[in-house]
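Listed below, chain by chain, are the residues.
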Amino acid sequence: MKFLNKVGEYTKDAIQAAKYIGQGMSVTFDHMRRRPITVQYPYEKLIPSERFRGRIHFEFDKCISCEVCVRVCPINLPVVDWTFNTEMKKKELKSYSIDFGVCIFCGNCVEYCPTNALSMTEEYDLSTFDRHELNFDSVALGRMPTKVTEDPFVKPIRELAYLPKGVIEGHEVPHTARRAGLRPEEIAEATSENK
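Residues numbered from 1 in each chain as written. Predicted model: local features only at pLDDT ≥ 70, side-chain atom pairs only at ≥ 80, totals over all residues. Heavy atoms only, no water.

### Re the overall build of the protein chain
Helix and strand counts for the protein chain come out as 5 helices and 7 strands. Taken from the N to the C terminus, the helices and strands of the protein chain come in the order α-β-β-α-β-β-α-β-β-α-β-α. The globule rule puts the C-alpha radius of gyration for 195 residues at 16 Å, and the 25 Å found for the protein chain is more than 25% above it. Here the C-alpha coordinates of the protein chain stretch approximately 85 × 55 × 45 Å along the principal axes. A total of 195 residues make up the protein chain; the buried ones form 25% of that total. (Helix = DSSP H or I, 4+ residues; strand = E, 2+ residues; numbered from the N terminus. Rg over C-alpha atoms; globule rule 2.2 N^0.38 Å. Buried < 20%, exposed > 50% of the residue type's maximum accessible area, 1.4 Å probe, protein only.)

Below you can see the structure in the form of structure tokens.
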């Protein structure tokens, strides 16, 4: 009996392994019929996804100098310089800076900021010739980047994941066309109707 049980388990494992290999090969064969897509950067740029973590945007007026961003940062990166105002009995922010040469873009500072003074943008083009230029002060952090879809000098291209079904090249679809799948608000609406 023990031998038959072992043979049965072995057969189940072999069938499961064959199923996984088939799934992997189906993805491979699906990609084999696709052609390479070349993006003519910087004249063409891919539209980042909604949850993309790019450069951090900082709003000086909202910051209360609580330094939560420093405590939750895995590498204690943000530099918050403040003074205590004895008349108002309140901290006053003097300067704020983040070195994007060291930042890992984990988003903890944005997540835990109690006043929403920090937010992620879709800016990913941070390349420079001098790494010291990546140390952004509060003025540079306060600058909002131009969106890829609103930049007149750039042709926006959809990423492969957001293309409609059957389309395999982003150049074929205008950036204003509806993305593949349901939007989060449509999913929430559909689930509320089903309840």
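### Focus: unusual backbone geometry
In the segment running from Tyr41 into Pro42, the intervening peptide bond is cis, with an omega of 5 degrees. As for its placement among the helices and strands, Pro42 is situated in the loop between helix H1 (2-32) and strand E1 (44-46). In this model, Lys89 sits at a positive phi of 55 degrees, which is unusual for a non-glycine residue. Position of Lys89 relative to the elements: it lies in the loop between strand E3 (79-85) and strand E4 (90-99).

### Re the layout of surface pockets
Gaps left between atoms are located by rolling a probe of water-molecule size over the structure's atoms. In this model, the largest pocket occupies a volume close to 570 Å³. Surrounding the largest pocket, 22 residues form its lining, Ile47, Pro48, Ser49, Glu50 and Glu122 being those nearest its centre. When the residues that make up the lining of the largest pocket are grouped by side-chain class, the tally is 9 nonpolar, 4 polar and 9 charged. Looking at the second largest pocket, its volume works out to about 220 Å³. Lining the second largest pocket we find Lys45, Glu122, Glu123, Tyr124, Asp125, Arg143, Met144, Pro145, Thr146, Val148 and Asp151. Classifying every residue of the lining of the second largest pocket gives 4 nonpolar, 1 polar and 6 charged. (1 Å grid on protein atoms, 1.4 Å probe; cavity = no way out; pocket = protein on both sides within 12 Å on 5 of 7 lines; lining within 4 Å. Points joined across faces, edges and corners; volume = space filled by probe spheres on them. Nonpolar A, V, L, I, M, F, W, Y, C, P; charged D, E, K, R; others polar.)

### Description of the pattern of salt bridges
One pass over the full model with this rule turns up 2 salt bridges. The partner of Glu123 in a salt bridge is Arg55, with the nearest N and O atoms 2.5 Å apart. Of the two residues, Glu123 is situated in the loop between strand E5 (118-120) and strand E6 (135-136) and Arg55 in the loop between E1 and strand E2 (56-58); the sequence distance between them amounts to 68 residues. What makes Glu123 buried here is its relative accessible area of 15%. A salt bridge links Glu59 to Lys62, with the nearest nitrogen and oxygen atoms 3.6 Å apart. Look at Lys62 and you get partly exposed, because its relative accessible area is 37%. (Salt bridge = Lys/Arg side-chain N within 4 Å of Asp/Glu carboxyl O.)

### Focus on the sheet that holds E4
Ordered in space as E3-E4-E6, the 3 strands form an open sheet in which the pairing is antiparallel. Lying at the two open borders of the sheet, with one neighbouring strand each, are E3 and E6. (Pairing = 2+ DSSP bridges.)

### Remarks on the nonpolar core
Ranked by size, the top nonpolar core spans 22 residues in total, and within it Phe58, Cys69, Tyr96, Ile98, Phe100, Leu118 and Leu141 carry the most contacts. At the level of secondary structure, the elements contributing two or more residues to this core comprise E2, helix H2 (68-72), E4 and helix H3 (108-112). For Ile98, the contacting residues outside a window of four places in its chain are Ile56, Leu77, Pro78, Leu134, Asn135, Phe136 and Leu141. (Core = buried A, V, L, I, M, F, W, Y, C linked by side-chain atoms within 4.5 Å. Contact = heavy atoms within 4.5 Å.)

### Observations concerning the side chain of Asn85
The topology assignment puts Asn85 in strand E3. From its side chain, Asn85 meets the backbone nitrogen of Glu87 in a polar contact 3.1 Å long. Residues in contact with Asn85, not counting those within four places in the same chain, are Lys90 and Glu92. (Polar contact = N/O pair within 3.5 Å; in protein donor to acceptor, adjacent residues only side chain to side chain.)

### Remarks on the packing of aromatic side chains
Following the criterion strictly, the structure yields 5 aromatic pairs and no others. Relative to Tyr124, the ring of Phe52 has its centre 6.0 Å away and its plane inclined at 80 degrees; by these criteria the two rings are edge-to-face. Note that Phe52 is positioned in the loop between E1 and E2 and Tyr124 in the loop between E5 and E6, a separation of 72 residues in sequence. Cluster of aromatic residues (ring-pair linked, three or more members): Phe58, Phe60 and Tyr96. (Phe/Tyr/Trp six-rings, centres within 6.5 Å; stacked < 30°, edge-to-face > 60°.)

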